[in-house]
Amino acid sequence: MDAEKNTAQTPDQEILDSYSSTVTAVAETVLPSVAALTLRGPRGSGSGSGVVFTPDGLLLTSAHVVDGADRGRAAFGDGSEAAFAVVGADPLSDLAVLRTERDLAPPVSLGDADTLTVGRLVVAVGNPFGLSGSVTAGIVSGLGRSLPAREGRHVRLIDDVIQTDAALNPGNSGGALADSRGRVVGVNTAVAGYGLGLAVPINSTTRGIIADLVSRGRVRRAWLGVAGVPAPLPPEIAGRTGRTRGLRVVEVVPGSPAGVAGIHLGDVVLHAAGHPVQDGQGLQRLMLGTAIGSRMPITVLRKGALVDVVAVPEELAPAR
């Protein structure tokens, strides 16, 4: 009887054992696919992490990890190594794709970050400070964060960035953020401060970006030629539309798709391509390659009246 009492677990112990078992299972699933990256280029040497995501040896990492480099070496936890070349990098999403000379590791399963909720367990796998195969666990502490990114003179916000308290340190960038089932839902991208880590989500938008990098080596983006600021809607318009904010146009580039479509300074954009727009990010989300050359209906508020126009976005020239 006493022996049974000694071996019985308390509820807290059972929870801890379940937590540990989950983290261990995720680590065993993801670790073999995560590589330590070393790079050399005109701007010097660098390091980071990458994760194999296709059976033929393509790796996903952060664009800032490979900035200024076109090749390097990937080392895996089992001691195997391979040279890699940079297939394409997109600073405006902070994602890059690499190709190894041979496949050395199993691919991870990519998940969908749009299904995450605050409080969910996540596990970060990478190579902080050059320590290969490091695993940290935490929770999703915030969703919908934005991270500024720049390419040349173009600046945009990476939308829906995942915030986590799983410890991230230099060298973690480009590594995997996995959910409790071992599916990679994010690419670790930055350490914003003590106890705060950020990851670019894997979702329908970033899957399209990754597909462009694989097939073209770059991401095609659309351009309208407007700049705007969030603006409150008049009460009567808010009552009619169920919306409280729109995007007030403060600049229209002459001859741009927006200018040709008849968008004016002072217009407040409410909808574009059937999607509500209440800030610059709302419009940016629509400016991917599929929008190039397509008719995009846009509804604006102009002098108290709702006006519909149709714009045809053009391709944004890549930065030089």
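Structure report, in brief. What you see is a predicted model; the values in this text were computed from it and never measured.

1. Details of the overall build of the protein chain
In terms of regular secondary structure, the protein chain is built from six helices and 21 strands. Within the protein chain, buried positions represent 45% of all 320 residues. Counting only carbon and sulfur atoms, one obtains 53% of the accessible surface of the protein chain, whose full area is about 15600 Å².

2. Section: helix H3 (residues 204–216)
Since the α-helix advances by 3.6 residues per turn, residues separated by three or four positions end up pointing in the same direction. The first and last C-alpha atoms of H3 sit 18 Å apart over 13 residues, in line with the 18 Å expected at 1.5 Å per residue. Of all the residues in H3, the buried ones are Thr206, Ile209, Ile210, Asp212 and Leu213. Summarising the axial view, the buried residues of H3 lie within an arc of 155°, below the 170-degree limit, and thus occupy one face. Counted as exposed and oriented over 90 degrees from the buried face of H3: Ser204 and Ser215.

3. Here we look at the side chain of Asp179
In this structure, Asp179 sits in the loop between strand E11 (176–178) and strand E12 (183–193). At a separation of 3.0 Å, a polar atom in the side chain of Asp179 contacts the main-chain amide nitrogen of Arg181.

4. Some words on the side chain of Gln163
Mapped onto the elements, Gln163 comes out in strand E10 (residues 154–164). We classify Gln163 as buried; its relative accessible area is 15%.

5. Describing unusual backbone geometry
At Ala273, a residue that is not glycine, the phi angle is positive and equals roughly 55°. If you trace the backbone, Ala273 turns up in the loop between strand E17 (268–272) and strand E18 (275–276). Of note, Lys303 is a non-glycine position whose phi angle comes to about 55°, a positive value.

6. A few points about the pairing of strand E20 (residues 305–311)
Of the pairings in the sheet, the one linking strand E19 (residues 296–302) to E20 comprises seven bridges and is antiparallel in character. Looking at the pairing, Arg302 lines up with Ala305 of E20.

7. Quick look at the environment of Val229
One can find Val229 in strand E15 (residues 226–232). Owing to a relative accessible area of 39%, Val229 belongs among the partly exposed residues under this scheme.

8. A short note on the environment of Ser215
By the element assignment, Ser215 lies in helix H3. The exposure class assigned to Ser215 is exposed, which follows from its relative accessible area of 56%. Each C-alpha atom of the pair Ser215 and Gly88 lies 9.2 Å from the other, and the pair is 127 residues apart in sequence. Within the structure, Ser215 has its side chain in polar contact with the backbone oxygen of Ala211 (distance 3.0 Å).

9. Focus on empty space enclosed by the protein
Summed over all chains, the structure comprises one cavity of 30 Å³ or more. Volume-wise, the largest cavity comes out at about 30 Å³. Every residue lining the largest cavity is listed: Leu224, Val226, Val249, Ile263, Val269, Leu283 and Ile298. Residues of the lining of the largest cavity, tallied by class, amount to seven nonpolar, no polar and no charged.

Thresholds, definitions, all that
Throughout this document, residue positions are counted from 1 along each chain, in the order its sequence is written. A pLDDT threshold of at least 70 governs which residues receive local features in this predicted model, and a stricter bar of 80 or more applies before side-chain atom pairs are shown or counted, although totals over entire chains, interfaces and linings include all residues. Calculation of side-chain values draws on the structure's entire complement of heavy atoms; hydrogens and water are dropped beforehand. A run of DSSP states H or I qualifies as a helix once it reaches four residues; a run of E qualifies as a strand once it reaches two. Both are numbered from the N-terminal end. Burial classification: accessible surface area is computed with a 1.4 Å probe over protein chains only, and a residue below 20% of its type maximum counts as buried, one above 50% as exposed, and the rest as partly exposed. We get accessible surface area from the Shrake-Rupley algorithm with a probe of 1.4 Å; when it comes to residues, only the shown protein chains can shield them. Each helix should span, by expectation, one fewer than its residue count multiplied by 1.5 Å. Arc definition: directions from the helix axis to the C-beta atoms. Any N or O atom pair separated by 3.5 Å or less is treated as a polar contact, with the protein-specific requirement of one donor-capable and one acceptor-capable atom, and with residues adjacent in sequence counted only for side-chain atom pairs. A pair of strands counts as paired when DSSP detects no fewer than two bridges linking them. Cavities and pockets are defined on a 1 Å grid built over the protein atoms alone: a cavity is a set of grid points where a 1.4 Å probe fits but cannot escape, while a pocket is an open set with protein on both sides within 12 Å along at least five of seven lines, and lining residues are those with an atom within 4 Å of any such point. Grid points are joined across faces, edges and corners, and a volume is the space filled by probe spheres set on the points. Here the nonpolar group is Ala, Val, Leu, Ile, Met, Phe, Trp, Tyr, Cys and Pro; Asp, Glu, Lys and Arg are the charged ones; every other residue, Gly included, is treated as polar.

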